[in-house]
Amino acid sequence: MRDAEDNRAAYQTISVTTASDALYLFNAGSHTGKLTSMVSASPRADIDAICENARMETYPYLPCGTVRAFISVSATDDIEGMASNYGVPLNKRIVGPSGVEIASNWLDLLDGSINETLNHADIAPNEWWSGSDEHGKYLPLSSCAGCNTCSGWTSETTTMTGMTGDHNKTDSAWMSDQLRRCDKKYFLLCACW
């Protein structure tokens, strides 16, 4: 571009990423309890990939650099341990994709209750797979080691079960409502920050 005196204008494009003060929860659609068939070396990587695809396709506007499935996979990889295992920030507000806050920070999210329902926060319109107790801890049933997680999220049989959370409750049932059959479809939740 030139001005009236034949001078050129110089432009430089700058890309800036703004750090968000929030950790976002969103859903990656409904799935049976068979969230992985062990395509990669870890069930976590396969399930996280479902969330990453959902973020790119459905929620590209979320200011996130890290995406993880909000689900307990095993005793060493549960929701409660996500902060230490994956660097989940403890001080960010927890919000849905439309910005509705459900908890003031990560510890508040795991204290057994939330401020708003997942349905109201546009996170999940129905029940969702958690594999967790009310505090995000993986607790295998003594009679069946994989019953809370559809055998490590690899089963969609009618005989296995997985723990689900409720989309319309703010008490402890929001994360630990009831065991449901693995052949049924429930939402997979994701966290990004």
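Since we're looking at a predicted model, the values are computed, not measured.

Basis of the calculations
Residues numbered from 1 in each chain as written. Predicted model: local features only at pLDDT ≥ 70, side-chain atom pairs only at ≥ 80, totals over all residues. Heavy atoms only, no water. Helix = DSSP H or I, 4+ residues; strand = E, 2+ residues; numbered from the N terminus. Buried < 20%, exposed > 50% of the residue type's maximum accessible area, 1.4 Å probe, protein only. Areas by Shrake-Rupley, 256 points an atom, 1.4 Å probe, with all protein chains shown as cover. Expected span 1.5 Å × (residues − 1). Lys, Arg positive; Asp, Glu negative; His and termini not counted. Salt bridge = Lys/Arg side-chain N within 4 Å of Asp/Glu carboxyl O. Polar contact = N/O pair within 3.5 Å; in protein donor to acceptor, adjacent residues only side chain to side chain. Contact = heavy atoms within 4.5 Å. pLDDT = per-residue confidence, 0-100. Phe/Tyr/Trp six-rings, centres within 6.5 Å; stacked < 30°, edge-to-face > 60°.

**Examining the overall build of the chain**
Link 1 in the chain: For the chain, the count of helices and strands is four helices and eight strands.
Link 2 in the chain: The proportion of buried residues among the 193 residues of the chain is 48%.
Link 3 in the chain: Summed over all atoms, the accessible surface of the chain reaches about 9400 Å², with 49% contributed by carbon and sulfur.

**Brief notes about helix 1 (residues 43-58)**
Link 1 in the chain: Between its first and last C-alpha atoms helix 1 spans 23 Å; for 16 residues at 1.5 Å apiece the expected length is 22 Å, and the two agree.
Link 2 in the chain: Three or more residues of helix 1 are buried, namely Arg-44, Asp-46, Ile-47, Asp-48, Cys-51, Ala-54 and Arg-55.

**Digging into the side chain of Lys-92**
Link 1 in the chain: Checked against the element boundaries, Lys-92 lands in the loop between helix 2 (82-86) and strand 3 (93-95).
Link 2 in the chain: Despite its burial, Lys-92 pairs with no opposite charge, the nearest such side chain being Asp-21 at 7.2 Å.
Link 3 in the chain: A polar side-chain atom of Lys-92 sits 2.6 Å from the main-chain carbonyl oxygen of Ser-20.
Link 4 in the chain: Residues in contact with Lys-92, not counting those within four places in the same chain, are Ser-20, Asp-21, Ala-22, Leu-23, Ser-104, Asn-105 and Trp-106.

**A closer look at the confidence of the model for the chain**
Link 1 in the chain: Averaged over every residue, the pLDDT of the chain is 89; the share at 70 or more is 86%.
Link 2 in the chain: Per-residue pLDDT stays below 50 along residues 11-18; that stretch engages in two contacts with residues further than four places along the chain or on separate chains.

**Things to note about the environment of Leu-35**
Link 1 in the chain: Position of Leu-35 among the secondary structure elements: in the loop between strand 1 (22-31) and helix 1.
Link 2 in the chain: Taking the C-alpha atoms as reference, Leu-35 lies 9.1 Å from Cys-150; in sequence the two are 115 residues apart.
Link 3 in the chain: Excluding its chain neighbours within four sequence positions, the residues that come into contact with Leu-35 are Ile-47, Ile-50, Ile-71, Trp-153 and Leu-188.

**What about the packing of aromatic side chains?**
Link 1 in the chain: Tallied over the entire structure, the rule returns eight aromatic pairs.
Link 2 in the chain: Relative to Tyr-59, the ring of Phe-26 lies with its centre 4.8 Å away and its plane at 45 degrees, an arrangement referred to as tilted. Of the two residues, Phe-26 is situated in strand 1 and Tyr-59 in the loop between helix 1 and strand 2 (67-69); the sequence distance between them amounts to 33 residues.
Link 3 in the chain: Judged by its relative accessible area of 0%, Phe-26 is buried.
Link 4 in the chain: A residue is classified by how much of its surface remains accessible, and Tyr-59, at 9% relative accessible area, is buried.
Link 5 in the chain: Between Trp-129 and Trp-153 the ring centres are 5.3 Å apart and the planes differ by 65 degrees, which places this aromatic pair in the edge-to-face class. Residue Trp-129 is found in strand 5 (residues 128-129), and its partner Trp-153 is found in helix 4 (residues 150-153); the two are separated by 24 residues along the sequence.
Link 6 in the chain: Take Trp-153: its relative accessible area is 0%, and that puts it in the buried class.
Link 7 in the chain: The structure contains a cluster of three or more aromatic residues connected by ring pairs, namely Phe-70, Trp-106, Trp-128 and Trp-174.

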